[in-house]
Amino acid sequence: MESSRLDQYVDQASQFAQDNKRVLAAAGITAVAATSLYLLRRRNLGRPPTSGPYPQSSLPADAYDLVIVGAGPSGSTTAYFSAHKGLKVAILEKESFPRDKYCGDAVCTPAIKILEEMGVMQELQANNEAHFADAGGFVSPAGISYIGASVEKLGEAAACAVKRINLDMRMAYAARKAGAELREEFEVTAADFDQQQGLWTVSSGDGVKVKARLLVIADGATSRLATKLGYCTEPPRGVCSRAFVEGGTHNTDFDGVCFYQKESLPGYSAIFKHPNDELNYCYYLIPHGKEGFCGDVHESDLKRLHEGAIKNDPFISQALGPNAKIERMKAASLRLGGQGLRTTYDDHLVIIGDAAGHIDPLTGEGIHTAIMGGKAAAETAISMRATGDYSAASTSQYEHKWNHLYGYDFGKSRAGAALIYKYPILLDACANEMQRKGDAMMSKWAEVMTNMRPKSYFLRPDVALPLGCAVVREFWNQKIIGRSNDYSKGGSR
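What counts and how
Residues numbered from 1 in each chain as written. Predicted model: local features only at pLDDT ≥ 70, side-chain atom pairs only at ≥ 80, totals over all residues. Heavy atoms only, no water. Helix = DSSP H or I, 4+ residues; strand = E, 2+ residues; numbered from the N terminus. Buried < 20%, exposed > 50% of the residue type's maximum accessible area, 1.4 Å probe, protein only. Contact = heavy atoms within 4.5 Å. pLDDT = per-residue confidence, 0-100. Pairing = 2+ DSSP bridges. Axes fitted to C-alpha atoms, helices over the stretch in contact; angles between N-to-C directions. Core = buried A, V, L, I, M, F, W, Y, C linked by side-chain atoms within 4.5 Å. Salt bridge = Lys/Arg side-chain N within 4 Å of Asp/Glu carboxyl O. Parallel < 35°, antiparallel > 145°, perpendicular 65-115°, else oblique. Left-handed = near helix turned anticlockwise from the far one by under 90°. Expected span 1.5 Å × (residues − 1).

Notes on the overall build of the chain
From N to C terminus, the chain includes 17 helices and 20 strands. Scored against the burial criterion, the 493 residues of the chain give a buried share of 53%. Nonlocal contacts in the chain, meaning residues at least 24 apart in sequence, comprise 73% of its contacts between residues at least 6 apart.

Observations concerning the confidence of the model for the chain
Low pLDDT means the predicted coordinates in that region are not meant to be read closely. For the chain, mean pLDDT is 90; residues scoring 70 or higher make up 87% of the total. Counting interchain partners and residues more than four positions distant, the pLDDT-below-50 stretch residues 489-493 has 15 contacts.

What about the sheet that holds strand β6 (residues 145-149)?
Taken in spatial order, the seven strands of this open sheet run β6-β5-β13-β14-β15-β12-β18, and their pairing is mixed. On the outer flanks of this sheet lie β6 and β18 (330-334), each paired with one strand and no other. The sheet shows a mean angle of 15° between the axes of neighbouring strands, taken without regard to direction. Relative to strand β13 (residues 256-259), strand β5 (residues 135-139) runs parallel, the two being bridged by four bridges. Its bridge partner being in β13, G136 is matched across the sheet by G256. Lying over the sheet, helix α14 (residues 425-437) contacts β5 and β6, oriented at roughly 140° with respect to β5.

Some details on the nonpolar core
V107, L115, M118, F138 and W445 are the most contacted members of the largest nonpolar core, which has 86 residues in total. For this core, the leading source of residues is helix α11 (residues 367-387), giving eight residues. Setting aside anything within four residues of it in sequence, one finds L115 in contact with V107, V120, M121, Q122, L167, M171 and I371.

Notes on the pairing of strand β12 (residues 238-245)
Within β12, eight of the eight residues are buried, leaving the element largely enclosed by the surrounding structure. Side-chain alternation along β12 places G238, C240, R242 and F244 on one buried face and V239, S241, A243 and V245 on a second face that is also buried. Relative to strand β15 (residues 279-285), β12 runs antiparallel, the two being bridged by seven bridges. Within β15, the position partnered with A243 by the bridge is Y281.

Considering the pattern of salt bridges
Tallying each qualifying case throughout the model produces 27 salt bridges. Two residues, E117 and K375, come together in a salt bridge whose shortest N-O distance is 2.9 Å. In this pair, E117 is assigned in helix α4 (residues 109-118) and K375 in helix α11, connecting sequence segments 258 residues apart. When its relative accessible area of 44% is taken as the criterion, E117 is described as partly exposed. A salt bridge links R304 to D301; the shortest N-O distance between them is 3.8 Å.

A look at the environment of V89
Here V89 lies in strand β2 (residues 89-92). By relative accessible area, V89 is classed as buried at 1%. Considering only alpha carbons, one finds V89 and V67, 22 residues apart in sequence, at a separation of 6.0 Å. Filtering out sequence-adjacent residues up to four positions away, V89 remains in contact with Y64, L66, I68, A79, S82, A83, A180 and E181.

Focus on the sheet that holds strand β7 (residues 159-162)
Ordered in space as β3-β7-β4, the three strands form an open sheet in which the pairing is antiparallel. Each of the sheet's edge strands pairs with one partner strand only, and the pair in question is β3 (106-108) and β4 (130-132). Strand after strand, the sheet turns through a mean of 30° between neighbouring axes, direction not considered. Across three bridges, the pairing between β4 and β7 is antiparallel. Within the sheet, the bridge partner assigned to F132 lies in β7 and is C160.

Looking at the packing of helix α3 (residues 73-84) against α4
Geometrically, a packed helix pair is captured by the angle between its two axes and the distance between the axes. Across the interface, α3 lies against α4 with an axial gap of 11 Å and an inter-helix angle of 45°. One finds that α3 runs oblique with respect to α4. For the element pair α3 and α4, the recorded crossing hand is left-handed. Here S76, T77, Y80 and F81 of α3 lie close against α4, whose contacting residues are I114, E117 and M118.

Some remarks on α3
End to end, α3 covers 16 Å across twelve residues, agreeing with the expected 16 Å (1.5 Å per residue, within 8%). Along α3, eleven of the twelve residues are buried, which leaves the element largely enclosed by surrounding structure. In this structure, the buried residues of α3 make contact with β1 (63-69), β2, α4, α7 (164-178) and α11. One or two positions beyond α3, positive phi appears at G86, with a value near 95°.

See the structure below:
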């Protein structure tokens, strides 16, 4: 019965199709056309205009294609690659080189490759200003430690240590050598946009003015200019310390180790080795929780934590030894994961580096993102000069680029910071698995933490399943057996 009724429906449908061939054909053509139009519009969505009102010939003789405020890693990278392609570039630095900057000094692999492209890494190595890390690792909140060699597994160092006083100067001078005009001791006090001319006028405190089609804001985490123009709506929430340790006065025999003290999670402290056996001892407080707090500690606790770890952390005190000559702590603000920024682009404007909050919200590392983003800004500037369009439709390409390079990972980094704050056992499990698997697991950790792989790499079955088993092992050891915390015992396993 049901079968015959189905046959009847099929016959009726066939007859309807025969009687309405033209109608169905027209409907089909319309559907195909609509679908094609939708796909075409979707493909073109976000594409910049192919022409604009400001061709190169319209640029006044006394103006630049772009003016960059700040000659840190991001600004100098933008200046180098823009000038290298023939753009007229002015880069304004409020201090004179060499000048210092306080941070952990770790330069990750993606940035190393760009520095090689600029010729900067070769200069740093020739002058013994870069130390490539091989022996590295971390100590978990329960005091489980692993230090391994990553170069053999990765085929290259995951990071190198370079003092910012050397890195920033070499990069700025490379930009100047490429053709950018570097103006030192130029403190920007104002930036005004002339809508009719399509030009920015950037002014210094002593009345000097620089005009340009594109304004690139690269003046650091506090970014006075982005704040003044209304693009940055709040002060940075993270903070880090730095203290150099004189070579030959310590006991450190590794290149770089992070120490995840439970009190300051999701933050951490670290020791990185520089050339000539010098060390950088630093402490990072990563924002998490209510305003002003970085987990269970406040930004104002930085000095206490920094100095307390030197004396009381068994791993750090052992690495430094009783005779370490440590300079006085210095500190700097961190703006992580785009915190406080309304946007990183607008008509005739882009914001890059620390000023844009391009610091990883899990690791606190920002040199590699600054350099990668700086190159993306240069590529956008080069494209805009070719088309003559500097509207937000064109500058938005810069945001697409940095999101593709590293911004997509910021959300996962924030989630990772929240997880390790709430569940420190996850870090214990990672260290446990490294002790079992050795450098193979250590190299995976290094790749993720240095932006060579996305944070989602930890979710791959071949990585997640062993880590899940390690979490179970650690839960058993800590909660069932009651294994003592190695931090409390004053030594590593």
